[in-house]
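What follows is the residue order along each chain.
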Amino acid sequence: MKTYLLMLALCAGGAMAADAAKPLYRDPVYDGAADVSIIYDRGAKLWKMFYTNRRATMQLPDRKDVAWVHGTAIGIATSADGVQWRYQGTAALPAACTDTTSWAPELYYENGTYHMWLTVVPGIFHRWGEPGASGRIVHLTSANLADWACADQVDVGTTRIIDASVLKLGERYRMWYKDETVGSKIVAADSTDLRSWRKTGDGPVSATRGEGPKAFRFKGYYWMVADAWKGLMVLRSDDASHWRQQDGYILAEPGQQATDRGIGQHADVVVDGERAFIYYFVHQGAEPEAAANPYWQQRTVIQVAELVYKDGALSVDRNAPLSFKLSAPAN
């Protein structure tokens, strides 16, 4: 009887839960998957992972050369359950509003339209902060996640903004992003139409520097995780305007399993009912292959873990076994 009940539970939603592997996913071309955004394709009835596709297998003579992080397309992987992923290829994005380097897609769906906010860098650069390397955020739309049209460029009155995260708040929308002109901190802007944006708030959401924010609703609160380059900072809010940062950083301690032995970085979160799953990337410099090949640390893989809520805070046990199946959205 117990086995039967377990099978019923696992089969809820029409398919059994699956065990999450480590790594969850790695790009088969450049082995540099990072900065994921996960969305459900209503037409194909599949989950799709859009991600920064770093050219991590490049071995440039100058070890300080960061050209391998540039010249990137956006990779796509598909999954029936959010656990087992298959490479699909790269996104066909219009040249009219994009450029040589594409980073950090943010996907959002509403009323039959898919939206993408994409960080675009105009070319391939060899050093961080090189003149002309300023990022911008562009907005694209699609009816099917395959054919994309340019919509507009996000204009908040400043340059050097990257890494959008968008959430609907009542009748308006809020975007959080990294603003390099205010010390690389996370700031917000509001819109009523997803096209025109206006800065909101008195300043950054936190004094902590970071990038790759992800805002979401879970357990009665608004939450944000952002990459602080020493793990992910976690912020909580009652109204998505006033934020309190919890102590410490999640995914700051290296994991114990192969391919998960670095800090967790630039994540997406998928909330599925009473559970929430965080998809993050990990550099591979702590793996045995890096001892023989110093370029191995450029490689990055995608991992997943469950966010656990207790006493007003979120935690993650990246070493815990994880089995789940994402449910299709209700709308």
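This is a predicted model, so every value here is computed, not measured. (Residues numbered from 1 in each chain as written. Predicted model: local features only at pLDDT ≥ 70, side-chain atom pairs only at ≥ 80, totals over all residues. Heavy atoms only, no water.)

Visitor: Talk me through the sheet that holds strand 20 (residues 300-310); I want residue IDs and the actual numbers.
Guide: Read across the sheet, four strands follow the order 18-19-20-21 without closing on themselves; strand pairing throughout is antiparallel. In this open sheet, the two edge strands, each paired with only one partner strand, are strand 18 (265-272) and strand 21 (313-316). Here the average twist between neighbouring strands, direction ignored, is 30°. Relative to strand 21, strand 20 runs antiparallel, the two sharing four bridges. Considered in strand 21, the bridge of valine 308 is made with serine 315. (Pairing = 2+ DSSP bridges. Helix = DSSP H or I, 4+ residues; strand = E, 2+ residues; numbered from the N terminus. Axes fitted to C-alpha atoms, helices over the stretch in contact; angles between N-to-C directions.)

Visitor: How would you explain the sheet that holds strand 2 (residues 33-41) if you had to name every residue and give the values?
Guide: The strands that make up a sheet are held in pairs by hydrogen bonds between backbone atoms, and each pair lies either parallel or antiparallel. Taken together, four strands build an open sheet; the order of strands is 2-3-4-5 and the sheet is antiparallel. Here the strands that pair on one side only, and so sit at the sheet edges, are strand 2 and strand 5 (86-90). Averaged over all pairs of adjacent strands, the angle between their axes in this sheet comes to 25°, without regard to strand direction. Pairing of strand 3 (residues 46-53) with strand 4 (residues 74-79) involves six bridges; the strand directions are antiparallel. Counted as the bridge partner of phenylalanine 50 is isoleucine 76 from strand 4.

Visitor: Can you break down the side chain of aspartate 152 residue by residue, with the values?
Guide: As for its placement among the helices and strands, aspartate 152 is situated in strand 9 (residues 148-153). A polar atom in the side chain of aspartate 152 sits 3.3 Å from the side chain of arginine 195. If we skip the residues at most four places from it in the chain, aspartate 152 touches Val138, His139 and Arg195. (Polar contact = N/O pair within 3.5 Å; in protein donor to acceptor, adjacent residues only side chain to side chain. Contact = heavy atoms within 4.5 Å.)

Visitor: Summarise the pairing of strand 5; cite the residues concerned and give the values.
Guide: Two elements, strand 4 and strand 5, share four bridges in a ladder whose sense is antiparallel. By the bridge assignment for strand 5, threonine 78 is matched with arginine 86. The turn joining strand 4 and strand 5, which pair antiparallel and follow one another in sequence, is formed by six residues; a positive phi near 85° is taken by glycine 82.

Visitor: Tell me about the packing of aromatic side chains, and please be specific about residues and values.
Guide: For any two aromatic rings, the description comes down to two numbers: the centre-to-centre distance and the angle of the planes. Evaluation of the coordinates by the stated rule reveals 14 aromatic pairs. Where tyrosine 25 meets tyrosine 51, the ring centres are 5.5 Å apart and the plane angle is 65°; that geometry is what we call edge-to-face. With tyrosine 25 in the loop between strand 1 (18-19) and strand 2 and tyrosine 51 in strand 3, this residue pair connects regions lying 26 residues apart in the sequence. With 4.8 Å between their ring centres and 50° between their planes, tyrosine 109 and tyrosine 114 make a pair best called tilted. You can call tyrosine 109 partly exposed: its relative accessible area is 23%. Classification of tyrosine 114 as buried rests on a relative accessible area of 3%. Grouping aromatic residues by their ring pairs yields a cluster made of Tyr108, Trp117, Tyr173 and Trp197. (Phe/Tyr/Trp six-rings, centres within 6.5 Å; stacked < 30°, edge-to-face > 60°. Buried < 20%, exposed > 50% of the residue type's maximum accessible area, 1.4 Å probe, protein only.)

Visitor: Tell me about unusual backbone geometry, and name the residues and values.
Guide: Trans is the prevailing form of peptide bonds, just as negative phi is the prevailing case for residues other than glycine. Here lysine 22 and proline 23 are connected by a cis peptide whose omega angle stands at -5°. Of note, proline 23 is situated in the loop between strand 1 and strand 2. Here the phi dihedral of arginine 160 falls at roughly 60°; this positive angle occurs in a residue that is not glycine.

Visitor: Lay out the confidence of the model for the chain with the relevant residues and their values.
Guide: Counting all residues, the mean pLDDT for the chain is 94, and 95% of those residues have values of 70 or more. Note on residues 1-14: pLDDT under 50 across the span, and six contacts to partners over four residues away in sequence or across chains. (pLDDT = per-residue confidence, 0-100.)

Visitor: An account of the state of the cysteines is requested, with residue identities and associated values reported.
Guide: Counted according to the given criterion, the structure contains one disulfide. There is a disulfide in this structure between cysteine 97 and cysteine 150, and the S-S distance comes to 2.2 Å. For the disulfide bridge between cysteine 97 and cysteine 150, the dihedral angle about the S-S bond is near -85°, and by the sign convention the bridge is left-handed. Of this pair, cysteine 97 sits in the loop between strand 5 and strand 6 (101-110) while cysteine 150 sits in strand 9; the two residues are 53 residues apart in sequence, bridging distant segments of the chain. (Disulfide = S-S within 2.5 Å.)

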